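# Observations on chain architecture
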Amino acid sequence: MATEYKRVAQIAKTKSKQGRLVVRSIDGLPFLLSEGATAYVVPPLLTGPRELTVSSVSLQGKDHVVSFAEVDSVDVAEKLLGHYLLMCTDDLDPELLAQEEDLPLGFAVHDADFGDLGTVSEFLEGEFQDTLVVEGPYGSVLIPYVEAFVDLVDFDQELVEVTIPRSLLELQD
């Protein structure tokens, strides 16, 4: 059987000249990186580390600051900004992954006025509100996951019904 991997985090910013990085969990998952864990960089770098070993994790305010054995300078760290981290699903606690099942990832998104907007490709957790990333005919559309825009999430039909203002689509251009 092929090894399965799960996208668990995104590298957000550098934290020190020694290459420490702020790493954020994604898609509604809890923070899953811990000391000794192995993560894989996607998309992979042409030059630089593709596999990372967590040396340490600390919480500074709301940020998880992570040191990786393979990242020893701000120059290497900067190459990783914006990249995602994958982990082998065999290395993850199944109960923690089960939390993701409550998210509408892969669901079709339909707007009352604009019709089909595409499918939910990502769920961004924010400090003040969560956001759906919808990929479709309008490109990547960011829809705040709030009652004002999201009318219905149907888990049986895998459908999200929304009512968004035209200005939200115009912002994507």
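Residues numbered from 1 in each chain as written. Predicted model: local features only at pLDDT ≥ 70, side-chain atom pairs only at ≥ 80, totals over all residues. Heavy atoms only, no water.

In this section: the overall build of the chain. Counting its secondary structure elements, the chain contains three helices and twelve strands. Its C-alpha atoms give the chain principal-axis dimensions of roughly 50 × 35 × 35 Å. For the chain, the proportion of its 173 residues judged to be buried stands at 39%. At a minimum sequence separation of 6, the contacts of the chain that also span at least 24 residues come to 51%. With the model as given, the accessible surface of the chain reaches about 9,700 Å², and the carbon-plus-sulfur share is 48%. A gap of 14 Å separates the mean positions of the 11 positive and 32 negative side-chain charges of the chain. (Helix = DSSP H or I, 4+ residues; strand = E, 2+ residues; numbered from the N terminus. Buried < 20%, exposed > 50% of the residue type's maximum accessible area, 1.4 Å probe, protein only. Contact = heavy atoms within 4.5 Å. Areas by Shrake-Rupley, 256 points an atom, 1.4 Å probe, with all protein chains shown as cover. Lys, Arg positive; Asp, Glu negative; His and termini not counted. Charge placed at Lys NZ, Arg CZ, Asp CG, Glu CD.)

Bringing the side chain of S16 into the picture now. Of note, S16 is situated in the loop between β1 (5-14) and β2 (21-25). On the basis of relative accessible area, S16 is assigned to the buried category, the value being 16%. Separated by 3.2 Å, the side chain of S16 and the backbone nitrogen of R20 make a polar contact. (Polar contact = N/O pair within 3.5 Å; in protein donor to acceptor, adjacent residues only side chain to side chain.)

Another point: the sheet that holds strand β3 (residues 38-42). An order of β1-β2-β5-β4-β3-β6 is seen for the six strands of this closed barrel, with the pairing classed as antiparallel. The average undirected angle you get between the axes of adjacent strands in this sheet is 50°. Relative to strand β5 (residues 63-68), β2 is paired through three bridges, and the arrangement is antiparallel. Across the sheet, the residue bridging to V22 is V65, located in β5. (Pairing = 2+ DSSP bridges. Axes fitted to C-alpha atoms, helices over the stretch in contact; angles between N-to-C directions.)

On to unusual backbone geometry, then. Of note, the bond from V42 into P43 is cis; its omega dihedral lies within 30 degrees of zero at -10°. Counting through the fold element by element, P43 comes out in the loop between β3 and β4 (51-60). Not every positive phi belongs to a glycine, and E158 is a case in point at roughly 55°. You can see E158 is positioned in the loop between β11 (150-154) and β12 (159-162).

Moving on, we come to the pairing of strand β10 (residues 139-144). Here is the key point about a regular strand: its side chains alternate between the two faces of the sheet. Of the pairings in the sheet, the one linking strand β9 (residues 131-136) to β10 comprises six bridges and is antiparallel in character. Residue pairing in the sheet places V133 in a bridge with L142 of β10. Linking two consecutive strands that pair antiparallel, namely β9 and β10, is a turn of two residues.

What follows deals with the packing of aromatic side chains. Here the distance between the centres and the angle between the planes together describe a pair of aromatic rings. Applying the stated criterion across every chain yields a total of three aromatic pairs. Here the aromatic rings of Y5 and Y40 are separated by 5.4 Å at their centres, their planes lie at 80°, and the arrangement is edge-to-face. Pair noted here: Y5 is in strand β1 and Y40 is in strand β3, with a separation of 35 residues, a long-range link. You can call Y40 partly exposed: its relative accessible area is 25%. Relative to Y145, the ring of F123 lies with its centre 5.2 Å away and its plane at 85°, an arrangement referred to as edge-to-face. Remark: Y145 occurs in the loop between β10 and β11 and F123 occurs in strand β8 (residues 115-124); sequence separation between them is 22 residues. Owing to a relative accessible area of 26%, Y145 belongs among the partly exposed residues under this scheme. Positioned above the aromatic ring of Y84, the side-chain terminus of R7 is 4.2 Å from the ring centre. (Phe/Tyr/Trp six-rings, centres within 6.5 Å; stacked < 30°, edge-to-face > 60°. Lys NZ or Arg CZ within 6 Å of the ring centre and 35° of its normal.)

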